[in-house]
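Here's the letter readout for the chains.
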Amino acid sequence: MSYEIKEESPPRHKRTRALENVLIMQGGGSLGSFACGVFKALVKQKIKIDIVAGTSIGAVNAAIIAGSKSDRPEKDLEDFWLEVSESNMQIIPDLWMYEWDSYNKEYLVKKISSSSINAAIFGVPKMFVPRWQWGNSSSLTKTYYDCCRCYDGKTSCF
């Protein structure tokens, strides 16, 4: 694939076309932390990103990158993910189970993480918390989770 301007391009575009690096990040919850690692790798390789965009958690990442007031947006993005992950509740402990390994003829101990059930029931305090008053008829509270803590980390929007 070539990024050169072809002679048959319309004349009005010849001077304005330039190579731009665009980073588009997808949604999907924890995939946002993966995108953080990708962005850090791009910065480490000195690849300049001209445009960032995303959907869902990818849009949150893009906003942190684009809105960074420091000269190190990769550090700001990493700090965000560290802060969110450290606020995760661990009320329900991880589960352990035994699994039979028929090849080695022994039981293996397997850990089953409880982080997803903890997040679903108790939320991630610096990102979202569940609303337990679902009977409220207000049109502003028709969702299960309150995501407004993402703004200042303390208060609810509603």
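Going by the structure above, here's the rest.
All values reported here derive from a predicted model rather than from experimental measurement.

Asker: Quick question: what am I supposed to make of the overall build of the chain here?
Answerer: Across its full length, the chain holds six helices and six strands. Mapped from its N terminus to its C terminus, the chain presents α and β elements in the order α-β-α-β-α-α-β-β-α-β-β-α. Counting across all 158 residues of the chain, residues that qualify as buried make up 22%. A sequence separation of at least 24 residues applies to 46% of the contacts in the chain between residues at least 6 apart. Just so you have it, the chain exposes about 11,900 Å², and 57% of that area is on carbon and sulfur atoms.

Asker: So what exactly am I meant to see when it comes to the pairing of strand β3 (residues 95–101) here?
Answerer: A regular strand carries its side chains on alternate faces of the sheet. With seven bridges joining them, β3 and strand β4 (residues 106–112) adopt antiparallel strand pairing. Its bridge partner lying in β4, E99 is registered against L108. In this antiparallel pair of consecutive strands, β3 and β4, the connection spans four residues, and K105 shows a positive phi of 55°.

Asker: Would you take a moment to explain the environment of K111 for this structure?
Answerer: In this structure, K111 sits in strand β4. Along the backbone, K111 and M97 are 14 residues apart, and their C-alpha atoms lie at a distance of 6.6 Å. Apart from residues no more than four positions distant in its own chain, K111 is found in contact with D94, L95 and W96. Side chain to side chain, K111 and D94 meet in a polar contact 3.2 Å long.

Asker: How should I be thinking about the nonpolar core in this particular structure?
Answerer: One recurring pattern in soluble globular proteins is that nonpolar side chains are buried together. In terms of nonpolar packing, the biggest core is built from 16 residues, with M25, L77, F80, W81 and M127 touching the most fellow members. Mapped by element, the contributors of at least two residues to this core are β1 (22–25), α2 (31–44), α3 (57–66) and α4 (73–86). Not counting chain neighbours up to four residues away, the residues in contact with W81 comprise G29, G32, S33, C36, I57 and N61.

Asker: Sorry if this is basic, but what is going on with the packing of aromatic side chains here?
Answerer: Two numbers describe a pair of aromatic rings. These are the distance of the centres and the angle of the planes. Per the stated rule, a full pass over the model turns up three aromatic pairs. Ring centres of F80 and W81 lie 5.4 Å apart, and the angle between their planes is 80°; this geometry places the pair in the edge-to-face category. For the pair F80 and W81, a shared accessibility class is recorded, and that class is buried. For the pair Y98 and Y107, a centre-to-centre distance of 6.4 Å together with 80° between the ring planes defines the contact as edge-to-face. As far as the burial class goes, Y98 and Y107 line up, both exposed. Within the aromatic cluster, the residues linked to one another by ring pairs are Y98, W100 and Y107.

Asker: Whenever I open this one, the pattern of salt bridges confuses me. Can you help?
Answerer: Two side chains bearing opposite charge may form a pair once their charged atoms approach each other closely. This structure, assessed with the given rule, holds six salt bridges. D79 is the salt-bridge partner of K75, the closest N and O atoms lying 2.9 Å from each other. With K75 and D79 both in helix α4 and four residues apart, this pair spans about one turn of that helix. Classification of D79 as partly exposed rests on a relative accessible area of 32%. A salt bridge links K111 to D94; its shortest N-O distance comes to 3.2 Å. In this pair, K111 is assigned in strand β4 and D94 in the loop between α4 and β3, connecting sequence segments 17 residues apart. Note on D94: relative accessible area 24%, which makes it partly exposed.

About the cut-offs
- Residues numbered from 1 in each chain as written.
- Predicted model: local features only at pLDDT ≥ 70, side-chain atom pairs only at ≥ 80, totals over all residues.
- Heavy atoms only, no water.
- Helix = DSSP H or I, 4+ residues; strand = E, 2+ residues; numbered from the N terminus.
- Buried < 20%, exposed > 50% of the residue type's maximum accessible area, 1.4 Å probe, protein only.
- Contact = heavy atoms within 4.5 Å.
- Areas by Shrake-Rupley, 256 points an atom, 1.4 Å probe, with all protein chains shown as cover.
- Pairing = 2+ DSSP bridges.
- Polar contact = N/O pair within 3.5 Å; in protein donor to acceptor, adjacent residues only side chain to side chain.
- Core = buried A, V, L, I, M, F, W, Y, C linked by side-chain atoms within 4.5 Å.
- Phe/Tyr/Trp six-rings, centres within 6.5 Å; stacked < 30°, edge-to-face > 60°.
- Salt bridge = Lys/Arg side-chain N within 4 Å of Asp/Glu carboxyl O.

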